[in-house]
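Structural characterization, general
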Amino acid sequence: MKATTLDKIARAVQERPEQLLKAREKGGKVVGYFCSYMPEEIIYALGLIPVRLGRGGSDDLVELGGRYIGKGTCVFLRESVGLFAEGKEPFSQTCDLVAVATSCVQMFRLAEVINHFFKVPTLVLGVPRNFYLPQGRVYFQKEVENLTRQLEEFAGTKLDAAALKESVALYRSIRQILLKIYDFQAADSAPISWREVFDVVHAGFYLDRADYYRLLQELLSELTVMSAALQHAAGDERPRILLSGTNIPPGDTKLINLIEEAGGRIVGDDLCSGLRFISGLTVQDCSLAGVADAYLDKIPCATLPYLPSLETDRRLENLSRLIDHYRPDGMIYHTLRFCDAFTFKAAETKRFINDKISFMEIHTEYADSDIEAIRTRIDAFIEVLEGRRRAKISKAATA
Amino acid sequence: MLKSVKMVSKDGLIGFPPEIKEDFLATGGLDFKYSPSVSAEEIWEFLTVEAPRRFPQAFIDDPNVFIIRPSPYVEFLWTLKYRYCMLTAKDRTEKARKNGVPVVFVQGGQTQEPYYAANAIATRPYVNIILRGGMTDGLSYKQRTIQDKKLMEEGRKLVSPEACNGMIVAFYQIMSGISPTDLVAPYLCLRCSDIAYTTESHRSTERNTPTYLVDFPVDYRPGQDWKVEYVAEDLRRLVKSIVAVGGKDPSDEDMRQQIKQLNYARRLGRSCAETWMTARYVPSYGFDYRFLVALGNDLLGDPVSAIQILEQAKQEIEERAEKGIKGIEVAEDPVRLFVSGSCYTPNTYRIEASGGAVVAYDDQYNRLTIQAEETGDPYLSLAKAMLSYPYELPTEERARWIAGSARKARCDGVIFASNWGCQYQSAVSRMVGEIVKKEAHIPYLELEVDSLTQFEQLEQSENRTEAFIEMLSDLRK
C-alpha cells in the first residue's frame, strides 16, 4: 500500500517546470544551484526561487558534457555540463542564474565551463578545505556575505532580517519533517520505502518550499496512520543496507534498482542528495554569519579533507550513528569513477566500520555496460548478508 | 663561452667529457644553506666518478629517456651544477635531516618562503619521487623503472587506482619511510585536485606523518581581501606546523628576508626564461631550459645553491643569446612551442629531433613573473602574490595570459597536456584552447599523458606531438 500523498508530490514535480516559467513571466527569478553547501535559506529569503540542479544516469549527457569539461571528470559533473549543452532538461533551462558551492573543487571548473561555453551567469561560493580551523570559518562567513551581496544585486533587493528568520524557520521545519519521514526506515517494517523517501527529498529540490512543507506535513500524517497499522504486521526480513559514498542524484537509479532486485532493503544513507542533505544542520543565529556557521558545522562532506584523525572525523562519526540507528546488516559504498573525494576514502571507511557491519564498494559510472558485473557483486553481497542473518537467528533460537 | 661538447659514451652510459673540465673548474663551487660548500673539483669528481658508479640509471645513453639523464651535448656549464644538486639531493636532505632540519613535502609549483624561513627543506613531488625515493645506489635504469611501477601499484592498492601517478608514488614513499619526511604540508593551488586527498590519506597509515594544508580560495578577484587574509592565516599556521616538527620559529623580519631572497631567485629565473624565449636562436636543449625555469621557484631543496646556479645560468644564457649561438641539436628555425598544463615534461629531445623546440612553459614560468612585497606583513604579501599567479587565476584570465606569453615567445603552437587522473587541469583544456586560438591565432593541441614518474614519454604522446610539429611546419610554409 502506497501513501497517496506521494502521487501528489510526483505530480507537483511534473508540473513544476511550467510553474517556474509562469513565475519568470511575472518577474520571478530562478537561481539554480549545485552542492549542499549552498545556503538555500538566503536565496529563498531574497524572494528568489531556489532549484537544486544536477541529474545522473544518462550516458549520452555524460558524453556530451565530456566534450566540454574533459573525460577525466566524474560522470555527475560531466552530465551536469551535458544538461546545459543539450538545453532540454527543464530545471536547468529555467534558471536565470546558477550558483555553485565548491566543496568539491571540480565544481569550480563546472561553473567556469558552463559560464564560458553556454553563457550561463554563475556565482561561486568558496568552501574552505580547512573548514575545521578558525580561519576557515572566517573565510566561509565572508564568502557567504559576498554571495549574498551578489544575490541582492541580482534580486534587486536587500536581504531583510525578518525574511531571513522566516526562511530559516521554514527550512528548519522542512528538515525536521523529512527526518521524521526518514525515521520510519529504522523500524522492521515501514509505511514508505527508502526509495520513496529519497524521491521525496529530491522533490524538495524543485518545489516551492512553502508548498513542499505543506505536502510533507500531509505525507507525515498519512504515514503515521499507516505505520500504526503495521505494528502487528510481520517485519521486513530483507537484508538491511546502508548506502554511502558519492552523490546519487535524481535520475541515477542503477545501483538502487540492482540492490532492490537482489532482495536488499536500503534503510538509510549519508548521501548529500539524501539524508546528509537534511540532517545535522541547525541554524542557531539568523544572521549571515549564523547561517554560514550552520552550513560549515553540518555533517561534513568527504570532498573536504579532514586531516586530524579518523576518530574525530564527524563524517565517520555520523556513519557510526547511522549504523546504530538504522541497524543495517551491510554498507554499500558507492563511488563514481574519478570521484577522488570518496574513492580515496573507501579503504579507510571499510576499515572503520568493518568491525560493525559488512562493507562493499561499488565503483561505477552511468554506463549500462557494467550492470551485470555489479549485479553479480550485489547478489553475492546480499546472499552473504542473508546467510549471516539466518545464522544469527538460528544462534539466538538455540541460545 | 662554452661551445657544444659531446658527452662521451661507453658501455651504455654517457659521461661528462674531459675537455670541459678546465672551463668548469673556473666557474667555482657551490654553497648550501644546510650542507657544507663544495668546490668545483669536488663537483667534477662526483659527476665523473662517484655518480656514474652509484647512479647508473642517471647516465643511461638512450635518446628516448629524458629527465634523469644529461643532454647529449654540454652547452652550458651550469647544467653540471644543476645535475650535481639533483644527484646529491637525497644525500644532502638525509644528512640535513639527521642534523635536525625537518623535511616537508610540498606541492609542485608553490612558493617556498615559509619552509625555508622556518629552517626546513621543502621537497616537491619531483624531488621526492625522482631524486630521493628512487635514487638507490647501483640501480640500473630498468631496475629503477620497475621499482617505481611497484611503488605506484602499492600506493594505489592503499588509496585508489585513479590517483595521479606522481601523488600516489610520493604518498607511498612517505608512508613507507622510503623518503623520510617530517611533515606533509602542501599548498592547495589550483593545479592539483589529488594532493588534498593523498595528504588526508596519511591519517590512516601506521606512520601517520603530520599533515597540514594551505588552502587556496577559488575564483580570486582583486579586492577580495578576505581571501588574502585566509591564505595568510593558513601560512602563519603552516609555519607553526613546521616549528612543531623541529623547525625554527621565524620572526616577521626573517620571513621578509626570505621573501627577498626568493624574489631574487624568481627574478633570476625570469630573466633566464625571457632571454631564452626571446633569443633569435634557441640557445640549447629544452630539457635543460625546463628545469632551469623550475629552479627559480623550486630551489631543489636549497635556495643558496639554486641562486648561485641561476646567477651563473643567467650569464651563460645572455652570452649565448647575444652572440646568436643556437643549441647544436636545435633547428635554426624550429617550430616554436608553448607547453601548458602541470606536471608535464615533454621529451624535448624528441621534439628537437622533429624540428621543434619548446620555448615557453606556463607551469613554472608564470610564478617567476610575480614578486611578493618585501615590506609590511610578509604573510599577506605571500598570500597576495600566490593569488596573483597567472596559473592560479580564473581560467579565462589564465588562458589570456597563456596567449600573451605565447605571442611574446613567438610561438607557432600551444600544447596543453594533462596527466591521466588529473581532473583539475583536463577540465579546462578545451576552454583554454578556445581562448588561446582566438587571442593568439595559433593552433592548439590537447594531450592526455600518463607520464608522471616515467622517464620515457609514451609513444602516443610522442606521435601526436611530432604530428603537431609537422602540421605547424607546413602551416608556416
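Everything numeric here is computed off the predicted structure, so don't read it as measured data.

Rules of the game
Residues numbered from 1 in each chain as written. Chains lettered and ligands numbered in written order. Predicted model: local features only at pLDDT ≥ 70, side-chain atom pairs only at ≥ 80, totals over all residues. Helix = DSSP H or I, 4+ residues; strand = E, 2+ residues; numbered from the N terminus. Rg over C-alpha atoms; globule rule 2.2 N^0.38 Å. Buried ≥ 20, exposed ≤ 12 C-beta atoms within 10 Å, placed from the backbone. Contact = placed C-beta atoms within 7 Å. Nonpolar A, V, L, I, M, F, W, Y, C, P; charged D, E, K, R; others polar. pLDDT = per-residue confidence, 0-100. Right-handed = clockwise from strand over helix to strand, strands pointing away. Pairing = 2+ DSSP bridges. Axes fitted to C-alpha atoms, helices over the stretch in contact; angles between N-to-C directions. Core = buried A, V, L, I, M, F, W, Y, C linked by C-beta atoms within 7 Å. Domains from an automatic or database assignment. Parallel < 35°, antiparallel > 145°, perpendicular 65-115°, else oblique. Left-handed = near helix turned anticlockwise from the far one by under 90°.

1. Here we look at the overall build of chain A
Counting secondary structure elements, chain A contains 17 helices and eight strands. The globule rule puts the C-alpha radius of gyration for 399 residues at 21 Å, and the 21 Å found for chain A is close to it. Once the C-alpha set of chain A is aligned to its principal axes, its extents read approximately 70 × 45 × 45 Å. Considering chain A as a whole, with its 399 residues, one finds that 52% of them fall into the buried category.

2. Quick notes on the overall build of chain B
The helix and strand tally for chain B stands at 19 helices and 11 strands. For 477 residues, the compact-globule formula gives about 23 Å, and the C-alpha radius of gyration of chain B, at 21 Å, lands near that figure. For the C-alpha atoms alone, the extent of chain B along its principal axes is close to 55 × 55 × 45 Å. Residues classed as buried in chain B amount to 60% of the 477 residues present. Contacts in chain B between residues far apart in sequence, at least 24 positions, make up 73% of those at least 6 positions apart.

3. A few points about the interface of chain A and chain B
Interface size is often expressed as the accessible area that is lost when the parts come together. Contacts between chain A and chain B engage 34 residues on the former and 39 residues on the latter. Elements supplying a minimum of two residues to the side of chain A that touches chain B: α3 (59-69), α6 (106-118), β4 (122-126), α7 (134-155), α15 (340-343) and α16 (346-353) of chain A. Per element, the largest residue contribution to the side of chain A that touches chain B is six residues, and it comes from α6 of chain A. Of the residues assigned to the side of chain A that touches chain B, the class counts are 16 nonpolar, 11 polar and seven charged.

4. Some points on the confidence of the model for chain B
All names here are of chain B. On average, residues of chain B carry a pLDDT of 92, and 98% of them reach 70 or more. Highest mean pLDDT in chain B belongs to strand β7 (residues 183-184) (98); lowest belongs to helix α5 (residues 125-133) (84). With a pTM of 0.95, the predicted complex shows an ipTM of 0.95.

5. A word on the pairing of β4 of chain A
Residues and elements named next belong to chain A. Taken across its five residues, β4 has five buried, putting it largely inside the fold. With burial as the criterion, each face of β4 is covered, one bearing Thr122, Val124 and Gly126 and the other bearing Leu123 and Leu125. For the crossover from strand β3 (residues 97-102) across α6 to β4, the handedness is right-handed.

6. Digging into the sheet that holds β7 of chain B
All names here are of chain B. Spatial ordering of the open sheet is given by β6-β5-β7, a layout of three strands whose pairing is parallel. Either end of the sheet is taken by a strand with one partner, and the two such strands are β6 (121-123) and β7. Across two bridges, the pairing between strand β5 (residues 103-105) and β7 is parallel. From the neighbouring strand, valine 104 faces β7, where its bridge partner is leucine 183.

7. Looking at the sheet that holds strand β5 (residues 240-245) of chain A
Pairing between the strands of a sheet comes from backbone hydrogen bonds, and it takes one of two forms, parallel or antiparallel. All names here are of chain A. A sheet is described by the order of its strands in space; here four strands give the open sequence β6-β5-β7-β8, paired in parallel fashion. The sheet is open, and its two borders are formed by β6 (265-269) and β8 (358-364), each paired with just one other strand. Geometrically, the sheet is characterised by an average inter-axis angle of 30 degrees between neighbouring strands, direction not taken into account. In terms of strand pairing, β5 meets strand β7 (residues 330-336) through five bridges, oriented parallel.

8. Some words on the nonpolar core
Across soluble globular proteins, nonpolar side chains have a tendency to be buried as a group. The biggest cluster of nonpolar side chains holds 289 residues, and the ones touching the most others in it are Val100 of chain A together with Val104 of chain B. If sequence neighbours within four positions are ignored, valine 104 of chain B has contacts with Tyr115, Ala120, Ile121, Ala122, Asp182, Leu183, Ala185 and Ile242 of chain B.

9. A few points about the pairing of β3 of chain A
All names here are of chain A. The buried fraction of β3 amounts to five of the six residues, a majority that puts the element mostly inside the structure. In terms of strand pairing, strand β1 (residues 30-34) meets β3 through four bridges, oriented parallel. Each residue of the ladder has a partner; that of valine 31, found in β3, is leucine 97. One ladder, built from five bridges, connects β3 with β4; its direction is parallel. Its bridge partner being in β4, valine 98 is matched across the sheet by threonine 122.

10. Quick word on the domain arrangement of chain B
Residues and elements named next belong to chain B. Taken domain by domain, chain B holds domain 1 (5-254) and domain 2 (331-361 + 394-477). Spacing between the C-alpha centres of domain 1 and domain 2 amounts to 25 Å. Mapped onto the side of domain 1 that touches domain 2, the elements with two or more residues apiece are α6 (141-158) and α7 (165-176). Residues that form the side of domain 1 that touches domain 2 fall into these classes: 12 nonpolar, seven polar and five charged.

11. Considerations on the packing of helix α8 (residues 161-183) of chain A against helix α10 (residues 209-229) of chain A
Residue and element names in this part refer to chain A. α10 packs onto α8 with a crossing angle of 30 degrees between their chain directions and a minimal axis gap of 10 Å. If you check the angle between α8 and α10, you find them roughly parallel. Taken as a pair, α8 and α10 cross one another with a handedness that is left-handed. Contacts from Leu170, Ser173, Ile174, Ile177, Leu178, Lys180 and Ile181 in α8 reach Arg209, Ala210, Tyr212, Tyr213, Leu216, Gln217, Leu219, Leu220 and Leu223 in α10.

12. Concerning the packing of helix α16 (residues 395-408) of chain B against helix α18 (residues 429-440) of chain B
Residues and elements named next belong to chain B. For the pair α16 and α18, interaxial distance at closest approach is 8 Å and the crossing angle is 45 degrees. Put simply, α16 runs oblique to α18. Relative to α18, the crossing made by α16 is right-handed. Side by side, α16 and α18 meet where Thr395, Glu396, Ala399, Arg400, Ile402, Ala403, Ala406 and Arg407 of the first sit next to Met431, Val432, Ile435, Val436, Glu439 and Ala440 of the second. Residues belonging to the contact of α16 with α18 are distributed by class as follows: nine nonpolar, one polar and four charged.

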